[in-house]
Amino acid sequence: MVCTNSIDVRTKIRIARSEAPPPANAKLKSMKFSILQWNCLYSEDIAEIGEFIATHNPDILCLQELTKNYHHKDGETGTQLAEALGYFEFCAYGPMALPDGTQALMGNGIFSRHPFTRTSNHVIQSGLVVDDKITVDERYYLEADTIIGDQKITIGTTHLPFHPESKTTPRK
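What you see is a predicted model; the values in this text were computed from it and never measured.

A.B. asks: I'm lost on the packing of helix α2 (residues 46-56) against helix α3 (residues 77-85) in this one. Help?
C.D. replies: The angle between the axes and the distance between the axes are what describe a pair of packed helices. The interhelical angle for the contact between α2 and α3, taken along N-to-C directions, is 40 degrees, at an axis separation of 10 Å. In terms of their interaxial angle, α2 and α3 are classed as oblique. Helix-helix and strand crossings are classified by hand; for α2 and α3 the assignment is right-handed. Where α2 abuts α3, its residues Ile46, Ile49, Gly50, Ile53 and Ala54 lie against Thr77, Gln80, Leu81 and Leu85. Residues of the contact of α2 with α3, tallied by class, amount to six nonpolar, three polar and no charged.

A.B. asks: Would you mind showing me how to read the nonpolar core here?
C.D. replies: A general tendency of soluble globular proteins is for nonpolar side chains to be buried together. Grouped together as the largest cluster of nonpolar side chains are 16 residues, with contacts concentrated most on Ile49, Ile53, Leu63, Leu66, Leu81 and Phe111. If you list the elements that add at least two residues to this core, you get β1 (35-39), α2, β2 (60-68), α3 and β3 (88-97). Each residue touching Ile49, except ones within four places of it in the same chain, is listed here: Trp38, Cys40, Glu44 and Leu81. Membership of the second largest hydrophobic core comes to twelve residues, among which are Cys62, Tyr140, Ala144 and Ile155.

Definitions and cut-offs
Residues numbered from 1 in each chain as written. Predicted model: local features only at pLDDT ≥ 70, side-chain atom pairs only at ≥ 80, totals over all residues. Heavy atoms only, no water. Axes fitted to C-alpha atoms, helices over the stretch in contact; angles between N-to-C directions. Helix = DSSP H or I, 4+ residues; strand = E, 2+ residues; numbered from the N terminus. Parallel < 35°, antiparallel > 145°, perpendicular 65-115°, else oblique. Left-handed = near helix turned anticlockwise from the far one by under 90°. Contact = heavy atoms within 4.5 Å. Nonpolar A, V, L, I, M, F, W, Y, C, P; charged D, E, K, R; others polar. Core = buried A, V, L, I, M, F, W, Y, C linked by side-chain atoms within 4.5 Å. Buried < 20%, exposed > 50% of the residue type's maximum accessible area, 1.4 Å probe, protein only.

Pasting the structure below:
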């Protein structure tokens, strides 16, 4: 099948969002920034994660499987990384049952060298605890805006479940 529609995908998205498309002769501003996304497995050494991040020094960082009171019984790995590396942070944690049966608070984080102008946290799967046991992990979609140069950047991150024991259900 050949598509003969002359409207490109970006234009369709703008129309769907009720935004006027830029003029055909408009020049897009170019900008450079770096992003690092990492599912930093909850059991990894937070100091090694910090060392890797410091070596690469991204402008924006999205991390999954951050923990609260797991590695360091009195702290959040997201806050520890942000303070050690000089980032602004936005993190959310929820109940998770780990593969070894341990129950923990685990979450996602967005980190930036530039201050956030907006943040939002959307629960995409509520956690469920029955008889002090986590039966459903909590999952989030985090979103944040920042300004780099004179451009607003929107960053989003989530951590969806997948492991060999995962089963497709109507809820998923």
